[in-house]
Amino acid sequence: MTRFRLSLTRAPVDEPLLAPRPFDLLCLTMASVLVVHALHLPWWLTLTLAVVLAARWRQRSTGGRQAPFWIKLPLIGLLLAVVIAYYGTLFGREPGSAFAVGLLVLKMLESEHRRDARVAMAFACFGLMSALLFDQNLMATFIVALGLVPAVATLRAIEKVDPAALPLRRDLLPVLITLLAAVPLAAFAFVFVPRLSTPLWGAPTADKSVTGLSDRMAPGEMAEVLTDDTPAMRVTFEGEPPMNASRYFRAYTMTNFDGESWSPSYDVGTRQPSLLEGTPRFTYEISLEPTRQRVLPLMDMPVAAPGDARLRSDRTAVADRRIDEVYRYQASATTDYRLDTTLDPRQRRQALQLPNGIGPQAHELAASWADHYGNDHLAIARAALAMFHDGGFRYTLAPAPLGRDRIDDFLFHTREGYCEHFSSTFTFLMRAAGIPARVVTGYQGGYWNKLGSYLLVRHADAHAWSEVWLEGRGWVRFDPTGAVRPERVSLGAAAAAATGSGSEGGFFDFAWLHDARDRWDVVNQWWNQAVNGFDALRQEGMLQPFGIRRAEVGDLAIILAVGCALLVAVALGWAMFQRREGDALDACMRRLERKLARAGVTRRTGEGPRHFFARAARSLPAERNGLERLSQLYLWSRYAFDEPPPESLSEFRQRVKELKVRRVVK
Amino acid sequence: MPPAGERIVAWAERKLPSLTRMRQREPLPILLHRRRIYIVPTAFGLGFAVLLAVMLIGALNYANNAALMLTCLLGAATAGSMLVAFRTLNGVSVGGLRAGTARAGEAIRVSLDIAASQRERMAIRLDVADGEHAVVVTPGAPSAIEFALPTDFRGWLSLPRMRIHTSWPLGMFRAWSWLNPDNPVLVYPRPEPLGPTPFEPEGDADRGRPRAGDELAALRDYRPGDPRRQIAWKLSARHHGLLVKDLEQPAPKEDWRLDWDSMHGLDDESRISRLARWVDEAKDSGRRWSLRLPDGYFDIAQGDEHYHRCMTALALRP
């Protein structure tokens, strides 16, 4: 993040003052910088800066001049103090950009001259770009691009001789056209600028966690994720997509339970992947939105790890690096499998571990099942599911808060919750009954986009379920949420919550809205794939259709230089092109002159038409008649009327065309 | 100069007229074309390029394709602005020189027409002696740039070397061309501040005393004995008494016959400035005058045209 100093030195006295219109545009630029940063700045800072900006605009448009230094200096100090107090530091993405935006707005206090405005506008461009460090989706990029319009319009207004008060759009529209005209060159450069395969310096640290799955699960804490409608990933299947009920994507398995939250087993990453028997059925490609984590959700049950990742012992996958950009990977899954048919003692101990003193009533319930069904573990699991189904449990995204003992409180008092509560309690009950079990988190369901033929999985599709180890069968998936509310598995979290609370359909079920959302998501998907996902690797492979297997940096640089030169040459042709003066008759006359010049009769400077035609007729006796008629026609068309009449003009054109001249050897 | 050097200079003269035009004047109108328009980035343009480079490297480093795309867009728009700057000057013609009159030592007002066909040219600027002048040129309607040139000597004053330039549209590139027009403007001689009149007043006793004539000099109260036809009847009607028109005959001013040879013991410049003063005075007092110079004679006459002829002849005395 760059930092810049407000110049306290005065501009030279003869430097012209800024006219009102450029100043207005500069204020507009600053306002758009504020807008693009508003999402991550603290709201009070945005508000204060907006007030300062508006006050300065008002003050100058009523004839005020620059703020004296005893106002500016304390304000800068205050800004510095506020940023450090709020973020704890001045370095890093968020505090840096907050400070930079603040300085930009304060720079307006002293912007009186053209030079100030230019400097402010240049750094405003930088400020606009830095907003893309936080979010680079289509919408954010578009808004930042719009912010460039007033910035460039400021420069243009500064240059104007008389920046009179034309309507504002007369200042903004030409800039829009300028920017559009720059698109071809920009697009070309964008494609061919060699990407860096490794960053020159450290990637920005995530100051803010991205909503999404985490490697801890405590019932009641996932609600934020479940109401987040932003895309988590998009899945394209080769061939038929799986049924909704088997769209389970696993991210973490949670084995450790401390009475409040579940977390993965400490040795999950060190042991060998567990054994899987089964044949791949689904091959798919996932385009994963940035998660700032390393885990890659894979469809149940993954057969092998994707390229840059490895499988852990619980058949979840971690990538080799953190997912900070949209990441694409391919994998395959099977739905008919046997996983870990033998369980070693340590695993069994982990999968049966329960904290002491938690859920005494649940323990009693599980013990009664164990007494009743004996060693038939499947029957115990079914009994638990039946209890969830018939025991008065309710699915809701806004459950009543749980007391100290989360398990008993949920089972015997509140009886309402969502996937986390159900899977957590179910797993607890299984363990209490002596059956190895674990919680699995990931995504379930998703939204099938017909237009793009892909499955859109949102954060709201995050889900938790259980796996129970059965003798001879291995780990088997049980989804207690599905027992409580089957819609959750077949329709999705929001739909399940909506029908659960009794509201029917509602505004968001309109077909056209679905359609619009489909389209919008297709565009976003395209943007993610084509633009954000265009990295060094894809750039290397870009030229394969042209026979270059791996495009090296040198190749790209050459193509970039040559292509830019070509485009600039085209533009240069446009710049050099000058329409010739005169009307259609003049154009015909010039054509005739060229023709006659080839025959050796060149029109002299200042030679009148009558004289020229006579000279040509003398030099070319064979065409005497034709030339005399042409002469008449020309003089008639040119001098008898204000505008050459169409009929004589067309005859003149025709005769020029038909005139045959041969070089006369004298 | 060796022949090779001469050839290079001749080639440069031919190819790059605006760089070498400082040695060679050209007649107006001057048409700006691509061989005499030069473009360099301004300081701001260079600064902005550095900023763009920083943004480019940042975007590449963070693999931030959205920022990279917008950086490319800004860069392409910047490059395009260079061409627009060129197009602003390309095809502009500078001509239509008009000059006011000025005596040596005064500033002379000069006006130049900047014309262009086909498209509007925003923000064309001309640097001349007293600063920068900016105009917008619309097709078919030449815009005049007026400026004042300081003068020192009588005679032809050639226009100084001027620079026509523009940094339209973004101020990042400056396109310019040097103008060195061949067309001079005329500066009249400086009249001497004080000096004798051309002729000693003749001993005429009546000199200065008004004589009755035809021209109205004043109105006064009626005195008995005034002729009846001199009473201003209409005006008197509005007053309480009778008013009488006082008429007098202007003293006839004798013609001045100014002669170069009538002054003895003076050098040429002094004679010129004295003659200039006399011509000025003669014109101001409404006399008729004639002027005899060693190489010409302007017969007795009066009026502006006569004045300018005489002053031009004086200005152009070798």
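To start, this report covers the structure provided alongside it. (Residues numbered from 1 in each chain as written. Chains lettered and ligands numbered in written order. Predicted model: local features only at pLDDT ≥ 70, side-chain atom pairs only at ≥ 80, totals over all residues. Heavy atoms only, no water.)

### Structural notes on the interface of chain A and chain B
Listed as interface residues are 54 residues of chain A and, on the opposing side, 47 residues of chain B. For the chain A and chain B pair, buried surface summed over both sides reaches about 4500 Å², with 73% attributable to carbon and sulfur atoms. At the surface where chain A touches chain B, the tally comes to zero salt bridges. Linking chain A to chain B there are nine residue pairs in polar contact (both at pLDDT 80 or more). Those elements that place two or more of their residues in the side of chain A that touches chain B are helix H5 (114-130), helix H6 (138-159), helix H8 (183-192), helix H18 (511-532) and helix H20 (553-576) of chain A. Across the side of chain A that touches chain B, the residue classes tally to 38 nonpolar, six polar and ten charged. (Contact = heavy atoms within 4.5 Å. Buried area = accessible area lost by both parts, 1.4 Å probe. Salt bridge = Lys/Arg side-chain N within 4 Å of Asp/Glu carboxyl O. Polar contact = N/O pair within 3.5 Å; in protein donor to acceptor, adjacent residues only side chain to side chain. Helix = DSSP H or I, 4+ residues; strand = E, 2+ residues; numbered from the N terminus. Nonpolar A, V, L, I, M, F, W, Y, C, P; charged D, E, K, R; others polar.)

### Notes on the state of the cysteines
As enumerated under the stated definition, the model contains zero disulfides over all chains in all. Looking at the unpaired cysteine 72 of chain B, the closest cysteine sulfur is the one in cysteine 564 of chain A, lying at 8.4 Å. (Disulfide = S-S within 2.5 Å.)

### Quick notes on the pairing of strand S18 (residues 462-470) of chain A
All names here are of chain A. Counting buried positions along S18 yields nine of nine residues, so the element is predominantly enclosed. Every second residue of S18 is oriented toward a common face, with Ala462, Ala464, Ser466, Val468 and Leu470 on one face and His463, Trp465, Glu467 and Trp469 on the other, all of them buried. Taken together, the seven bridges between strand S15 (residues 437-444) and S18 define a ladder with antiparallel strand orientation. The partner of threonine 441 across the bridge, within S18, is alanine 464. Here S18 runs beside strand S19 (residues 474-478); their pairing, made up of five bridges, is antiparallel. Looking at the pairing, glutamate 467 lines up with arginine 477 of S19. Taken together, S18 and the strand that follows it, S19, pair antiparallel across an intervening segment of three residues, in which glycine 472 is found at a positive phi of about 80 degrees. (Buried < 20%, exposed > 50% of the residue type's maximum accessible area, 1.4 Å probe, protein only. Pairing = 2+ DSSP bridges.)

### Structural notes on the packing of aromatic side chains
All names here are of chain A. Scanning all chains against the criterion turns up 25 aromatic pairs over all chains. When the ring of phenylalanine 237 is compared with that of tyrosine 284, the centres are 6.0 Å apart and the planes differ by 55 degrees; the resulting orientation is tilted. Taken together, the residues phenylalanine 237 in strand S1 (residues 231-238) and tyrosine 284 in strand S6 (residues 282-288) connect sequence positions 47 residues apart. As far as burial versus exposure is concerned, phenylalanine 237 and tyrosine 284 are alike and both buried. Centre to centre, the rings of phenylalanine 613 and tyrosine 634 are 6.3 Å apart; their planes meet at 50 degrees, and the pair counts as tilted. Pair noted here: phenylalanine 613 is in helix H22 (residues 609-619) and tyrosine 634 is in helix H23 (residues 624-639), with a separation of 21 residues, a long-range link. The class of phenylalanine 613 is buried, set by a relative accessible area of 2%. For tyrosine 634, a relative accessible area of 6% gives the class buried. The structure contains a cluster of three or more aromatic residues connected by ring pairs, namely Phe388, Phe393, Phe410, Phe422, Phe426 and Phe478. (Phe/Tyr/Trp six-rings, centres within 6.5 Å; stacked < 30°, edge-to-face > 60°.)

### Comments concerning the nonpolar core
As a rule of thumb, soluble globular proteins bury nonpolar side chains together. With 82 residues, the main nonpolar core has Met30 and Cys125 of chain A together with Phe48 and Leu74 of chain B as its most contacted residues. If you tally residues by element for this core, the top one is H6 of chain A, at ten residues. Three or more residues apiece are contributed to this core by two domains, here domain 1 (20-192) and domain 3 (536-577) of chain A. With residues up to four places along the chain from it excluded, the contact list for leucine 74 of chain B reads Cys125, Met129, Leu148 and Val152 of chain A together with Phe48, Leu52 and Met55 of chain B. In terms of nonpolar packing, the next biggest core, distinct from the first, is built from 73 residues, Ala319, Trp369, Met430 and Val439 of chain A among them. (Core = buried A, V, L, I, M, F, W, Y, C linked by side-chain atoms within 4.5 Å. Domains from an automatic or database assignment.)

### Examining unusual backbone geometry
In this structure, methionine 301 of chain A follows aspartate 300 of chain A across a cis peptide bond, with omega equal to -5 degrees. The residue methionine 301 of chain A is located in the loop between strand S8 (298-299) and strand S9 (309-311) in this model. In this model, tryptophan 168 of chain B is joined to proline 169 of chain B through a cis peptide bond whose omega is 0 degrees. Inspection of the secondary structure assignment puts proline 169 of chain B in the loop between strand S9 (162-166) and strand S10 (173-179). Of note in the backbone geometry, aspartate 340 of chain A takes a positive phi value of approximately 55 degrees without being a glycine. With a relative accessible area of 7%, aspartate 340 of chain A lands in the buried category.

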